[in-house]
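A look at the structure
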Amino acid sequence: MYALGTADQQWILSQLDDAERQQLECYLKELQSLGIPADPELASTIIRPEVKPTLAHPALSDTALRFKEQLDEIPMSHIISVLRQEPGWMLVPLLRLGPWPWQASLLSSLDEDRRVALVSALHAESPVPAEFALALLKALQTKAISLPKQLDRSAPEASAGAPSPLLRWVRKWLP
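These remarks concern the structure in this document. Just so you know, the residues in each chain are numbered from 1, in the order the chain's sequence is written. Only residues with pLDDT of at least 70 get local features here, since the model is predicted, and only at 80 or more are side-chain atom pairs given and counted; chain-wide, interface and lining totals rely on the full set of residues. Side-chain figures throughout are based on the complete set of non-hydrogen atoms in the structure, without hydrogens or water.

1. Structural notes on the overall build of the protein chain
Selection criterion: Under the scheme used here, helices are H or I runs from DSSP no shorter than 4 residues and strands are E runs no shorter than 2 residues, and both carry numbers assigned from the N terminus. Residue burial is assigned from relative accessible area. The probe radius is 1.4 Å, only protein chains are included, and a residue is buried under 20% of its type maximum, exposed over 50%, and partly exposed in between. It only takes one pair of heavy atoms within 4.5 Å for two residues to be counted as in contact. In these tables, accessible area is a Shrake-Rupley quantity obtained with a 1.4 Å probe, and a residue counts as shielded only by the protein chains included in the view.
Counting its regular elements, the protein chain contains 10 helices and 0 strands. Beginning at the N terminus, the succession of helices and strands in the protein chain can be written as α-α-α-α-α-α-α-α-α-α. Counting all 175 residues of the protein chain, 35% fall into the buried class. For the protein chain, long-range pairs separated by at least 24 residues make up 77% of all intrachain contacts whose partners lie at least 6 apart in sequence. A total of about 10,400 Å² of accessible surface is found on the protein chain, and carbon and sulfur atoms cover 57% of it.

This is how it looks when you write it as structure tokens:
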């Protein structure tokens, strides 16, 4: 719990009775006073949002499975940097293709309202079309691999009102 964000800690504490809350708050203060860093990676290894496997996981083609496997080799920070900007309607189908090793880290990097909305949407039974799944996986791989090159550029391309990078790439597959 120490590795969770403040909002998540407060929510958990609000669910406990007074005695449990006081004891847990004491432990949290002790960890902080000892100078132990609150490592979000620790929280991401423990917290895995449950994803319904029924309609959420389409039968992926061999090509899509290869892209999915290759994504596991890309640094988690690159994937999170790309996905943090994406709209929820793009993240939900992609997250349904998981579980992903970076999923909990991505969710914990988002503000509470957005995270709650995404987790709720993940539990809705809505299939991900196989073609769209392939497009998402391919776009994520392309953007995550090219991220270091984009960061090296002196003049950023993105403007305030421009669509997110992944959205621009998969737009041609949208109806």
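2. Some details on helix H5 (residues 76-83)
This is how the line gets drawn: The reported arc concerns the directions from the helix axis to the C-beta atoms and nothing else.
Inspection of H5 places Ile79, Ile80, Val82 and Leu83 among the buried residues, and these make up the whole buried set. Mapping the buried residues of H5 onto a view down its axis gives an arc of 160°, with all of them on the same face.

3. Examining the packing of aromatic side chains
Where we set the bar: Any Phe, Tyr or Trp ring, taking Trp's six-membered ring, that has another such ring centre within 6.5 Å forms a pair; planes under 30 degrees apart are called stacked, those over 60 apart edge-to-face, and the others tilted. Note on criteria: charge over ring means Lys NZ or Arg CZ within 6 Å of the ring centre, with the direction from the centre no more than 35 degrees off the ring normal.
Within this structure, the stated rule accounts for 1 aromatic pair. With a centroid separation of 5.0 Å and 20° between ring planes, the pair formed by Trp100 and Trp102 is classed as stacked. Note on accessibility: Trp100 and Trp102 belong to one class, buried. Lying over the aromatic face of Trp100, Lys68 brings its terminal NZ or CZ to 4.4 Å of the ring centre.

4. Notes on the packing of helix H6 (residues 88-96) against helix H8 (residues 112-122)
What counts here: To obtain an axis, a line is fitted to C-alpha atoms, over the contacting stretch when the element is a helix, and the angle between two such axes runs from 0 to 180 degrees between their N-to-C directions. Orientation labels follow simple angle bins: below 35 degrees gives roughly parallel, above 145 gives roughly antiparallel, 65 to 115 gives roughly perpendicular, and whatever is left gives oblique. By convention, the crossing between two helices is left-handed when the near helix turns anticlockwise from the far helix through less than a right angle, and right-handed when the turn is clockwise. Classes in brief: Ala, Val, Leu, Ile, Met, Phe, Trp, Tyr, Cys and Pro nonpolar; Asp, Glu, Lys and Arg charged; the others, Gly included, polar.
With their axes 9 Å apart at the nearest point, H6 and H8 run at an angle of 50° to one another. Between H6 and H8, the interaxial angle falls into the category oblique. Along this stretch, H6 crosses H8, giving a crossing that reads as right-handed. Counted together, Gly88, Leu91, Val92, Leu95 and Arg96 of H6 and Arg114, Leu118, Ala121 and Leu122 of H8 form the full contact between these two elements. Taken together, the residues that form the contact of H6 with H8 break down as 6 nonpolar, 1 polar and 2 charged.

5. What about the environment of Ala117?
Relative to the helices and strands, Ala117 resides in helix H8. Separated by 29 residues in the primary sequence, Ala117 and Gly88 have C-alpha atoms spaced 8.1 Å apart.

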